[in-house]
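What follows is each chain in one-letter form.
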Amino acid sequence: MPSHLSADRPAPQPPERRAVDVLISRTRRLRGDVDAVRPNMMLIDEEDPQMRWRRALCDLAVHHLDDLGTHLGQLREGLPPEPPQTPEEPAGTSAFDASDEPLDRSEPGSLIGRVGSAEWNLLTDEVTWSEELFQIFGRSPDAGPLSLDELPSMLLPEDQPLVTAMVTDCLVDGRPIDGEFRVLRTDGRMRTLHMMGEPVLDADGCTASMWAVLRDVSELRRSQQAVRTNHDSLRRRQHRAQTEHRMAVELQETVLPPWRDSLRLPSQGVGALDVAAHYLPSRSSSLIGGDWYDALELPDGRTVLTVGDLTGHGIQATSAMAMLLGALRGMAVAGIEPGALMGHLNQLLESSVQPALGSAVCCRFDPSTGALTWAQAGHPAPLLFRDGQGRPLLPPDGVLLGATSGVAYEQDEVHLLPGDVLVLHTDGLNRHRDRVAGPDALLALAPRFAQARTARECVRSVVTEFSGTERLDDACVLIARIGA
């Protein structure tokens, strides 16, 4: 309704009804568009704060559009009827669809009753409330409207001083009213109201009455609170994920070997291994997995090569990886055979406070004889490249680490020749969207390996081949080239 800044001011002319109909039609179409992108309430994962935040934003947008439709509907109801159409203007040309019927005031959940008006006459003590305001307060019109003295009785105690101050400033100093407060209705429901009002002046410029519009913003404020709550939850989750990711990266960088270029093991003598390795992060996930690689020179001159992978991601997976890799290094230095070593790792993982599954391969190379003794636990077999051809080694028996207790891991032995290339890799290298899982892509690199002069060049070929693929998991590759 128009402002009552002055009792003598003429009422402004209402806008054209057709223009209001166009705005209503646009608002309803926009609300339909928002509903179309609104997440399905039944499909929302309540454990996902990002989805809850998106749903809360959509709910808030719907509330705003509903309120806009309410105000436009009330504006249209107060307009004079549209004149009859002329023959030059046939029915159906209006932008307002005839199927868009006005909202029923008594319809459950209708927003028409969310805005009401009131006027308190200071000269006659007469109080006038609109029908909508009675509905907002849950008060029967037969009980009559509340006077300014009675109004605080329905407010929450902590909101009463605010309303008293706003009304006093309006009546005494002529200040406009703009504030929110909560009322407790007779049916026990609490509503949040936004009140805007102004003093109505008489011919002498004195306050004759106070006029106000009260809007029920309960649902709007609940939606805004839901947005804030879910946004804060999402930010906390993102911060926690970033912190865990940083810790996982730092732990991985601390545990994995610090060397990046080719490594010669042993550092002196004939038949030494030229070793290089690389970690390939997943392109489909920012989480760090439990993949590892390592090359370790033993006190007797032999060399241990290993790669492995634990299930899971994040700090838990990297912590378990650090524990296993530390245990593997210690047992290898102690001279434990690869097969028995796998059995101990299985027992360690099974008895861990945070049980997990893992796969691993452990190879021990003797440069004096060219013998490679190795064992595996549910892991892809090493690939041997010789004379421009590649093949996987025949794996000895071995189940996943942590899968069952009391199992024995077999080991096998193969003799390597100078110029041979041995490739150890984790399963993530074969798990991607645009290739068939398996070692075929690696075996196809045999011609490049044959031309490579160092293990580092072989690793570069692998990285070049697989860096453009969308892997489902992170991966490690370790390549050893047997020297003359």
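See above for the structure.
This write-up is about the structure you can find in this document. Think of each chain on its own: its residues are numbered from 1, step by step along the sequence as written. Where local features are concerned, this predicted model is filtered to residues with pLDDT of at least 70; where side-chain atom pairs are given and counted, the filter is 80 or more; whole-chain, interface and lining totals use all residues. Each side-chain value is worked out from all heavy atoms of the structure, with water and hydrogens disregarded.

## Some details on the overall build of the protein
And step 1. When helices and strands are tallied, the protein shows 10 helices and 16 strands.
And step 2. Only protein chains enter the accessibility calculation, which uses a 1.4 Å probe. A residue is then buried if its area is under 20% of the maximum for its type, exposed if over 50%, and partly exposed in between. The 484 residues of the protein split such that 43% are buried.
And step 3. Here the open area of atoms and residues is found with the Shrake-Rupley method and a 1.4 Å probe, where only the protein chains shown may cover a residue. Split by element, the accessible area of the protein, about 24800 Å² in all, is 54% carbon and sulfur. Working definition: helices are DSSP H or I runs of at least four residues, strands are E runs of at least two. Numbering for both runs from the N terminus.

## A look at the sheet that holds strand E10 (residues 358–366)
And step 1. Strands qualify as paired when DSSP identifies two bridges or more between them. Spatially, the 5 strands line up as an open sheet ordered E8-E9-E10-E11-E14, and their pairing is antiparallel. The outermost strands of the open sheet, each flanked by one partner alone, are strand E8 (292–297) and strand E14 (412–415). On average, adjacent strands in this sheet sit at an angle of 15 degrees to one another, irrespective of strand direction.
And step 2. Judged from the 8 bridges that link them, strand E9 (residues 303–310) and E10 form a sheet pairing that is antiparallel. The partner of leucine 305 across the bridge, within E10, is cysteine 363.
And step 3. Contacts were defined at the residue level, with two residues in contact if any of their heavy atoms lie within 4.5 Å. Between N-to-C directions, angles span 0 to 180 degrees; the directions come from axes that are lines fitted to C-alpha atoms, helices contributing only their stretch in contact. Its contacts with the sheet place helix H6 (residues 315–333) against E8 and E9, and it is angled at close to 155 degrees to E9.
And step 4. Sheet strands in contact with helix H7 (residues 338–350) are E9, E10 and strand E11 (371–377), and its direction is about 155 degrees off that of E10.

## A closer look at the environment of alanine 212
And step 1. Along the chain, alanine 212 turns up in strand E5 (residues 207–216).
And step 2. It is 9.4 Å that separates the C-alpha atoms of alanine 212 and proline 176, two residues lying 36 residues apart in sequence.
And step 3. With sequence-adjacent residues up to four places away left out, alanine 212 is seen in contact with Gly116, Ser117, Ala118, Trp120, Met195, Met196 and Gly197.

## Details of the sheet that holds strand E1 (residues 115–121)
And step 1. Ordered by their spatial adjacency, 5 strands build an open sheet running E2-E1-E5-E4-E3, and the pairing between neighbours is antiparallel. In the strand order of this sheet, the two ends are held by strand E2 (127–129) and strand E3 (177–184), each with one partner. Within the sheet, the average angular offset between the axes of one strand and its neighbour, ignoring direction, is 25 degrees.
And step 2. Bridging between strand E4 (residues 190–201) and E5 involves 9 bridges; their strand directions are antiparallel. Bridging across to E5, valine 200 finds its partner in serine 209.
And step 3. Where helix H4 (residues 160–173) meets the sheet, it contacts E3, E4 and E5, and its direction lies at approximately 145 degrees from that of E3.

## Quick word on the state of the cysteines
Note on terminology: disulfide describes a covalent bond linking the sulfur atoms of two cysteines.
And step 1. Cysteine sulfur atoms are paired as a disulfide whenever they come within 2.5 Å of each other. Scanning the entire structure with this criterion turns up 0 disulfides.
And step 2. Cysteine 363 supplies the cysteine sulfur nearest to cysteine 362, a cysteine that is in no disulfide, at a spacing of 6.7 Å.
And step 3. Residue classification places cysteine 362 among the buried residues on the basis of a relative accessible area of 2%.

## What to know about unusual backbone geometry
And step 1. You will see that aspartate 125, though not glycine, has its phi angle at about 60 degrees, which is positive.
And step 2. Assignment of secondary structure puts aspartate 125 in the loop between E1 and E2.
And step 3. Its identity as a non-glycine residue notwithstanding, aspartate 387 has a phi of 55 degrees, on the positive side.
And step 4. Inspection of the secondary structure puts aspartate 387 in the loop between strand E12 (383–386) and strand E13 (389–392).

## Topic: H4
And step 1. Compared with an ideal rise of 1.5 Å per residue, which puts 14 residues at 20 Å, H4 spans 19 Å between its outermost C-alpha atoms and is within 8% of the ideal.
And step 2. Buried within H4 are the following residues: Val163, Met166, Val167 and Cys170. Around the axis of H4, the buried residues are gathered within 90 degrees of arc, so they sit on the same side. Seen from the buried face of H4, the exposed residues on the opposite side, beyond 90 degrees, are Pro161 and Val172.
And step 3. In this structure, the buried side of H4 is in contact with E3, E4 and E5.
And step 4. Count one or two residues on from H4 and you reach glycine 174, which has phi positive near 70 degrees. Expected span of a helix, by definition, is 1.5 Å for each gap between consecutive residues, and there is one gap fewer than residues. This arc is built from the directions going out from the helix axis to the C-beta atoms.

## What to know about helix H1 (residues 17–37)
And step 1. The end-to-end C-alpha distance of H1, which contains 21 residues, comes to 31 Å, matching closely the 30 Å that a straight helix rising 1.5 Å per residue would cover.
And step 2. Buried residues of H1: Val20, Asp21, Val22, Ile24, Ser25, Thr27 and Val34, and no others.

## Concerning the environment of arginine 222
And step 1. Note that arginine 222 resides in helix H5 (residues 218–255).
And step 2. By the criterion applied in these results, polar contacts are pairs of N or O atoms within 3.5 Å in which, for protein atoms, one can donate a hydrogen and the other can accept it, and in which residues neighboring in sequence qualify only through two side-chain atoms. Within polar-contact distance, the side chain of arginine 222 engages the side chain of glutamate 219 at 2.4 Å.

## As for the pairing of strand E7 (residues 273–280)
And step 1. By the criterion of burial, E7 is predominantly enclosed, with 7 of the 8 residues buried.
And step 2. The sheet contact formed by strand E6 (residues 263–265) and E7 spans 3 bridges and is antiparallel. If you follow arginine 264 over to E7, its bridge partner there is aspartate 274.
And step 3. Bridge count for E7 against strand E16 (residues 475–482) is 8 bridges, and the pairing is antiparallel. From the neighbouring strand, leucine 273 faces E16, where its bridge partner is isoleucine 482.

## Here we look at a negative patch on the surface
And step 1. A patch is a set of surface residues, each over 30% in relative accessible area and not in a salt bridge, joined within 9 Å for like charges and within 5 Å for the nonpolar side chains Val, Leu, Ile, Met, Phe, Trp and Tyr. Within this document, salt bridges are pairs made up of a side-chain nitrogen of Lys or Arg and a carboxyl oxygen of Asp or Glu, the two lying within 4 Å of each other. His is not counted, nor are the chain ends; Lys and Arg add positive charge and Asp and Glu add negative charge. For charged residues, the charge sits on one atom: NZ in Lys, CZ in Arg, CG in Asp, CD in Glu. Taken together, the side chains of Asp397, Glu410, Asp412 and Glu413 present a region of like negative charge at the surface.
And step 2. By the element assignment, aspartate 412 lies in strand E14.

## Some remarks on the pairing of E1
And step 1. In terms of burial, E1 is largely enclosed, as 5 of its 7 residues are buried.
And step 2. Sheet topology places E1 next to E5; 7 bridges connect them, and they run antiparallel. Opposite serine 117, over in E5, you have valine 213 as the bridge partner.
And step 3. Pairing between E1 and E2: 3 bridges, direction antiparallel. Bridged to glutamate 119 within E2 is threonine 128.
And step 4. In this antiparallel pair of consecutive strands, E1 and E2, the connection spans 5 residues, and aspartate 125 shows a positive phi of 60 degrees.

## Notes on the nonpolar core
And step 1. Residues grouped as a nonpolar core are buried Ala, Val, Leu, Ile, Met, Phe, Trp, Tyr and Cys residues, joined through side-chain atoms within 4.5 Å. Residues Leu305, Met342 and Leu401 are the most contacted members of the largest nonpolar core, which totals 48 residues.
And step 2. Tallying contributions element by element places H6 first for this core, with 7 residues.
And step 3. Ignoring any residue separated from it by four or fewer positions in sequence, one finds methionine 342 in contact with Ala360, Val361, Cys362, Ala375, Ala377, Leu401 and Tyr409.

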